[in-house]
Structure formats: structure tokens, C-alpha cells
Amino acid sequence: MSGSPVSVSSQEEYMVEAITNKRVKNGRTEYEVKWQGYSDNEKTWEPIENLQSVMTYVLDFEQSLKQKQNQEVGEGNYDDGDSADEILQIRKDNDGQNLLFQVSWKQKNNLAPKVSWVNQNTLKMHNPEILIDYLLKKIKWPNNK
């Protein structure tokens with residue numbers, strides 16, 4: 001894909017080489033832009049409003065985020081007959097809307113333990129007991145004597 005012009009002021013136009021990152025700052029989504037002909041340390045964070053003329057770059061970047069997340073966050077190994085054994089850590093997904101749980105697996109075929117990320121809905125459906133157990137361990141209970 002060749003660069004497309006983006007007006008960042010009323011007089012200047014720059015060509016986008018790639019969208020390289022995404023963040024939410026003060027409630028606004030911004031994309032990190034690599035500009036054609038400029039070095040990596042000259043990337044800038046641009047609000048979506050500034051990128052309307054290059055939405056194909058934004059859409060391509062969003063698609064790559066989804067693909068990366070799908071590779072990273074499978075549906076666990078439930079299809080192989082395995083079951084989640086323990087929650088190791090929690091993080092939010094790339095959109096910040098859902099929780100992802102890194103779990104270790106009890107494997108049906110007794111191979112070395114595997115670890116992978118599972119989304120919250122899949123974990124609730126297949127192994128709600130480990131989710132409840134994990135949350136109960138995190139609660140600070142008053143000391144009853």
C-alpha cells in the first residue's frame with residue numbers, strides 16, 4: 001500500500017507509511033503514525049479525526065490487532081479434552097473491554113503443563129470454579145477470631 005496524504009494542519013500534508021500502535025488517552029483513541037520519509041523516532045500520536053483520509057491504514061491495523069489477539073488468545077485447549085487448572089494472571093484485551101486469563105492446563109494426555117490466554121466468557125463457561133477460586137483468594141477477608 002502506498003502512502004496517502006494526511007493534512008495535519010491547513011497547509012501541510014504528510015504521507016502515512018504505517019499505523020504502528022494504538023492507545024486511549026483522556027478517553028480518546030489515538031494511533032501512532034510512522035510517516036513516510038521520516039525515522040521511527042519521529043512517529044506521532046494522532047487522533048482518529050486526523051486520519052479520516054487514510055482509514056484503510058487504521059482498518060488494516062485494527063485487523064492485525066484482532067489477528068494477533070486471536071493467535072495469542074485461543075479458546076484454550078478445551079477441544080482437546082484438557083481443562084484449565086489454575087489462573088496465573090489477568091490482563092485486559094487490546095480494546096480494554098474484556099478480561100483475559102492466563103491459565104495452566106490439566107492435560108488429558110499428561111504432557112508437560114501448557115499455559116495460554118483464555119477470554120473471560122470461555123473461562124466462565126468451561127471452568128467457573130477456578131475463576132471463583134481465584135477471586136476468593138484475592139479478596140482480603142477480615143480476620144475472624
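Cut-offs applied
Residues numbered from 1 in each chain as written. Predicted model: local features only at pLDDT ≥ 70, side-chain atom pairs only at ≥ 80, totals over all residues. Heavy atoms only, no water. UniProt positions renumbered as here; feature names shortened; annotations may be inferred. Helix = DSSP H or I, 4+ residues; strand = E, 2+ residues; numbered from the N terminus. Buried < 20%, exposed > 50% of the residue type's maximum accessible area, 1.4 Å probe, protein only. Contact = heavy atoms within 4.5 Å. Areas by Shrake-Rupley, 256 points an atom, 1.4 Å probe, with all protein chains shown as cover. Pairing = 2+ DSSP bridges. Arc of directions from axis to C-beta. pLDDT = per-residue confidence, 0-100. Patch = residues over 30% accessible without salt bridge, like charges linked within 9 Å, V, L, I, M, F, W, Y side chains within 5 Å. Salt bridge = Lys/Arg side-chain N within 4 Å of Asp/Glu carboxyl O.

- As annotated in an unreviewed UniProt entry, the protein chain carries the name Chromo domain-containing protein and is attributed to Paramecium tetraurelia.
- Here the protein chain is described in UniProt, under the heading Subcellular location (unreviewed entry), as follows: "Nucleus".

1. Details of the overall build of the protein chain
Right, so step 1: Regarding its fold elements, the protein chain presents 3 helices and 8 strands.
Right, so step 2: The burial tally for the protein chain puts 31% of its 145 residues in the buried class.
Right, so step 3: The long-range fraction of contacts in the protein chain, counting pairs at least 24 apart against all pairs at least 6 apart in sequence, stands at 38%.
Right, so step 4: When the accessible surface of the protein chain is summed, it comes to about 9900 Å², and 47% of that surface belongs to carbon and sulfur atoms.

2. Quick notes on the pairing of strand 7 (residues 99–106)
Note on strand geometry: in a regular strand, side chains alternate between the two faces of the sheet.
Right, so step 1: With 6 of its 8 residues buried, strand 7 lies for the most part within the structure.
Right, so step 2: Sheet analysis places strand 6 (residues 83–92) next to strand 7, joined by 8 bridges and oriented antiparallel. From the neighbouring strand, Lys92 faces strand 7, where its bridge partner is Leu99.
Right, so step 3: The antiparallel hairpin formed by strand 6 and strand 7 contains 6 residues in its connecting segment, where Gly96 sits at a positive phi of about 75°.
Right, so step 4: Both strand 7 and strand 8 (residues 115–119) contribute to a ladder of 5 bridges, which runs antiparallel. Its bridge partner lying in strand 8, Gln102 is registered against Trp117.

3. What to know about helix 3 (residues 128–138)
Right, so step 1: Turning to helix 3, its buried residues are Ile130, Leu131 and Tyr134. Viewed along the axis of helix 3, the buried residues span an arc of 105°, placing them on a single side of the element.

4. Re the confidence of the model for the protein chain
Right, so step 1: Averaged over the protein chain, the pLDDT score is 79; the fraction of residues at 70 or greater is 75%.
Right, so step 2: Put simply, strand 5 (residues 73–74) is where the protein chain has its lowest mean pLDDT, 48, and strand 4 (residues 44–47) is where it has its highest, 94.
Right, so step 3: Every residue in residues 71–75 is under pLDDT 50, and counting partners more than four places away or in other chains gives 11 contacts.

5. Considering a nonpolar patch on the surface
Right, so step 1: A cluster of nonpolar side chains, Ile132, Leu136, Ile139 and Trp141, forms an exposed patch at the surface whose accessible area comes to about 430 Å².
Right, so step 2: Along the chain, Ile139 turns up in the segment after helix 3.

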